[in-house]
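# Observations on the model geometry
If you want the building blocks of each chain, they are given just below.
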Amino acid sequence: MSRVFDMAFSSVYPLYLAKVERKGRTKDQLDAVIRWLTGFDDAALARHIEGTTTFRAFFDEATLNPHANQVTGVICGMRVEEIEDPLMHRIRVLDKLVDELAKGRPLAKVLRGGEGVSSPAG
């Protein structure tokens, strides 16, 4: 697990972006999902996308959305709600949200009712 924790967020972000764009979603929608989960503003998110922040540091700086516990389901063969390690749980919640966005789920539903939506819905 520590290998994932020490990966740079900036090295994974382009993979998230490619995944959602292949399915007709936008960078703005992806960024809205990440901002919703982490509480980052545009400047903070851009700093992480362009920098070398590890997933560990990324989530250490984040203020997790209080509705993040509503994210459930299977990602990478594991039920998100059953992941015990707090950092791995947060990473998998992000993965699940990106997956839902890529699968065409409306942005307001991905964001569990749309709380904190700060970009155009899709």
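See above for the structure.
Below, the structure is looked at part by part. Because the structure is predicted, anything quoted here is derived from the model rather than measured. (Residues numbered from 1 in each chain as written. Predicted model: local features only at pLDDT ≥ 70, side-chain atom pairs only at ≥ 80, totals over all residues. Heavy atoms only, no water.)

## Things to note about the packing of aromatic side chains
How we decide: The pairing test for Phe, Tyr and Trp rings, Trp by its six-membered ring, is centres within 6.5 Å, and the orientation test on the planes gives stacked under 30 degrees, edge-to-face over 60, and tilted for anything in between. Strands are runs of DSSP state E lasting at least two residues, helices are runs of H or I lasting at least four, and both sets are numbered from the N terminus onward. The classification of residues rests on relative accessible area computed with a 1.4 Å probe and restricted to protein chains. Under 20% of the type maximum is buried, over 50% is exposed, and intermediate values are partly exposed.
Tallying each qualifying case throughout the model produces seven aromatic pairs. Pairing Phe-55 with Phe-59 gives two aromatic rings, centres 6.4 Å apart and planes at 15 degrees, and the pair type is stacked. Remark: Phe-59 and Phe-55 occur in helix H5 (residues 55–61); sequence separation between them is four residues, near one turn of the helix. Since its relative accessible area comes to 2%, Phe-59 is described here as buried. Three or more aromatic residues joined by ring pairs form one cluster here, namely Phe-9, Tyr-13, Phe-40, Phe-55, Phe-58 and Phe-59.

## Remarks on the environment of His-48
Heads up, the rule is: Note on contacts: a residue pair is in contact if any heavy atoms of the two residues lie within 4.5 Å.
On the secondary structure map, His-48 appears in helix H4 (residues 42–50). Taking the C-alpha atoms as reference points, His-48 and Glu-81, 33 residues apart in sequence, are found 26 Å from one another. Among all residues touching His-48, those that are not within four sequence positions of it are Phe-9, Ser-10, Phe-40, Thr-53, Phe-58 and Glu-61.

## Notes on the pattern of salt bridges
Put simply, the rule reads: A pairing counts as a salt bridge when a side-chain nitrogen of Lys or Arg comes within 4 Å of a carboxyl oxygen of Asp or Glu.
By the definition in use, this model includes ten salt bridges. With its nearest N and O atoms 3.1 Å apart, the salt bridge here joins Glu-100 to Arg-105. A residue is classified by how much of its surface remains accessible, and Glu-100, at 9% relative accessible area, is buried. The class of Arg-105 is partly exposed, set by a relative accessible area of 34%. Taken together, the salt bridges that share partners define one network made up of Lys-19, Asp-99 and Lys-103.

## Quick look at the packing of helix H3 (residues 27–38) against H4
Filter applied, for reference: What counts as an axis is a line fitted to C-alpha atoms, over the stretch in contact for a helix, and the angles between N-to-C directions run from 0 to 180 degrees. Throughout, the term roughly parallel applies to angles under 35 degrees, roughly antiparallel to angles over 145, roughly perpendicular to angles from 65 to 115, and oblique to all others. Here the term charged refers only to Asp, Glu, Lys and Arg, the term nonpolar to Ala, Val, Leu, Ile, Met, Phe, Trp, Tyr, Cys and Pro, and the term polar to all other amino acids, Gly among them.
One can describe the packing of H3 onto H4 by two numbers: an axis separation of 11 Å at closest approach and a directional angle of 105 degrees. Comparing their axes, H4 and H3 come out roughly perpendicular. Two secondary-structure elements touch here, H3 through Asp-31, Ile-34 and Arg-35 and H4 through Asp-42, Leu-45 and Ile-49. A per-class count over the contact of H3 with H4 returns three nonpolar, no polar and three charged.

## Here we look at the side chain of Asn-65
Defined as follows: Polar contacts, as used here, are pairs of N or O atoms within 3.5 Å; protein pairs need one atom able to donate a hydrogen and one able to accept it. Residues neighboring in sequence count only if both atoms are side-chain atoms.
For Asn-65, the position within the fold is in the loop between H5 and strand S1 (74–75). A relative accessible area of 13% places Asn-65 in the buried class. From its side chain, Asn-65 meets the backbone oxygen of Trp-36 in a polar contact 3.1 Å long.

## What to know about helix H2 (residues 9–22)
Counted only if it meets this: Multiplying 1.5 Å by the helix residue count minus one yields the expected span of that helix. This arc corresponds to the set of directions leading from the helix axis out to the C-beta atoms.
With 14 residues, H2 ought to run about 20 Å at 1.5 Å a step, and its terminal C-alpha atoms sit 20 Å apart, in line with that. For H2, every residue scored as buried is listed here: Phe-9, Ser-10, Val-12, Tyr-13, Tyr-16, Leu-17 and Val-20. Here the buried residues of H2 occupy an arc of 150 degrees about the axis, which is enough to place them on one side. Facing away from the buried side of H2, by more than 90 degrees, are the exposed residues Leu-15 and Arg-22. On its buried face, H2 sits against H3, H4, H5 and helix H6 (86–102). Backbone geometry just after H2 places Gly-24 at a positive phi near 85 degrees.

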